Amino acid sequence: MPVPEKVHGEYVDLVLRELSLRTKDRLEKFETAYLGGGSPSALSLENLRKLLEGLQKYLGTSKEFSMEWNPEEANSEKIQLALDLGVNRFSLGVQSLNDNLLKMLGRKHSAKTALKAFEKLNHAFGTGSCDLMFCLPNQSTADFLSDVETLVNLNAKHISFYGLTLEKKTKLPPQPEDLYPEMYLKAAEILESAGLLRYEISNFAMPSHESKHNLVYWKRGEYLGAGPSAHSYLNGIRHYVSGKYLPWKKWVLSNCPQNGLTQDIPSPEGKEIEAIWLALRTKEGLSLKNYEQEFKKNLDLEKINPLIKKGWLSASQDNIRLNSEGWLWLDKIILEIF
């Protein structure tokens, strides 16, 4: 059921109010921003303008400002408005270039619409990401690799791809799980041959086109999220607000009290697991020196050596990194370490 336009306007006002309340004691501006987690491109020109203008005072001059787009909403007027108001990077949810798969996923756009949107956005912004999905029901390896090659040939500078995980009760046909490694490894080979280098498990980019904002997440930097269900990481604590609109609205109108935030404080082991898991997701891997400084102990290399012999990890004097097929099995690697 479509949300009335007046709710869109109210939502924009509430997001800006939340940001104002939660940054009132903050002196420095944000280095990066990501407008997404939903469909900002679905807003009317008026509401999008109000939101983008309201965000200006929170952003520094040397910023990366990304905006998420649905293909069917990437029209010239909204693109120009975004450019005029500081957006300098796009994130486009292509998902697939197969119309049957898009229909199965419940997407409103067609492959043709997605390609037109990409060409418009890539021309306008010069940098940005296309998201693809793989290991979809009834998707062949050839289908997925064709999607990857099409975007590469259209001069994509950043491509992210994610394997679909189905809930147990879903009515969709079973996924071709045995094709997961084949799809991932062959797509990675195509991208790296084209100069889009893997800098995180699911993210490939030409040099200088990596997402600075996403790197903050993987490197455990601090960030503030605003809006329903938005997560933040501040002072070593992760927290979030309700994902439902009305409770979130009530919280914002009550001036965003701290007791309305749900905190996620990890155990010492949980913090250690998170640190290793996030570090290994990136091309730099885990710095043993940083690990020792933070956790006041050496990493148990007896648990690491079998993974090195298996070819899943590589080790240097200070770093441990995913290697070869290890990029496929990070969760298994973490289980073996712990």
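Up top you'll find the structure we're talking about.
Residues numbered from 1 in each chain as written. Predicted model: local features only at pLDDT ≥ 70, side-chain atom pairs only at ≥ 80, totals over all residues. Heavy atoms only, no water.

(A) Summary view of the pairing of strand 9 (residues 237–240). Taken together, the 4 bridges between strand 8 (residues 231–234) and strand 9 define a ladder with antiparallel strand orientation. Each residue of the ladder has a partner; that of Y233, found in strand 9, is R238. Following strand 8, the chain reverses through 2 residues before pairing antiparallel with strand 9; N235 in that reversal takes a positive phi of roughly 55°. As defined by bridge partners, strand 9 adjoins strand 10 (residues 262–264) across 3 bridges and the pair is classed as antiparallel. The residue bridging H239 from the neighbouring strand is Q263, located in strand 10. (Pairing = 2+ DSSP bridges. Helix = DSSP H or I, 4+ residues; strand = E, 2+ residues; numbered from the N terminus.)

(B) Representation of the sheet that holds strand 9 within the structure. Here 3 strands make up an open sheet; going across it, the order is 8-9-10 and the pairing antiparallel. Two strands close off the open sheet at either side, each with one partner strand: strand 8 and strand 10. Averaged over neighbouring strand pairs, the angle between their axes works out to 30° when direction is ignored. (Axes fitted to C-alpha atoms, helices over the stretch in contact; angles between N-to-C directions.)

(C) The arrangement of the nonpolar core in detail. In terms of nonpolar packing, the biggest core is built from 81 residues, with W69, L92, F144, I159, F161 and L280 touching the most fellow members. With 6 residues, helix 5 (residues 111–125) is the single largest residue contributor to this core. In this structure, L280 is in contact with G285, L286, L313, I320, R321, L322, W327, L330, I333 and I334, ignoring residues within four places of it in sequence. (Core = buried A, V, L, I, M, F, W, Y, C linked by side-chain atoms within 4.5 Å. Buried < 20%, exposed > 50% of the residue type's maximum accessible area, 1.4 Å probe, protein only. Contact = heavy atoms within 4.5 Å.)

(D) Seen up close, the side chain of E200. Within the element layout of this structure, E200 appears in strand 6 (residues 197–200). A distance of 2.8 Å separates the side chain of E200 from the backbone nitrogen of S202, its partner in a polar contact. Polar contacts involving the side chain of E200 include one to the side chain of N203, which spans 2.7 Å. Filtering out sequence-adjacent residues up to four positions away, E200 remains in contact with W218, R281, T282 and W327. (Polar contact = N/O pair within 3.5 Å; in protein donor to acceptor, adjacent residues only side chain to side chain.)

(E) Spatial organisation of the pattern of salt bridges. Inspection of every chain in the model, using the stated rule, returns 12 salt bridges. A salt bridge links R220 to E294, with the nearest nitrogen and oxygen atoms 2.7 Å apart. Here R220 is found in the loop between helix 8 (212–218) and strand 8, whereas its partner E294 is found in helix 11 (residues 288–295), with 74 residues between them in sequence. (Salt bridge = Lys/Arg side-chain N within 4 Å of Asp/Glu carboxyl O.)

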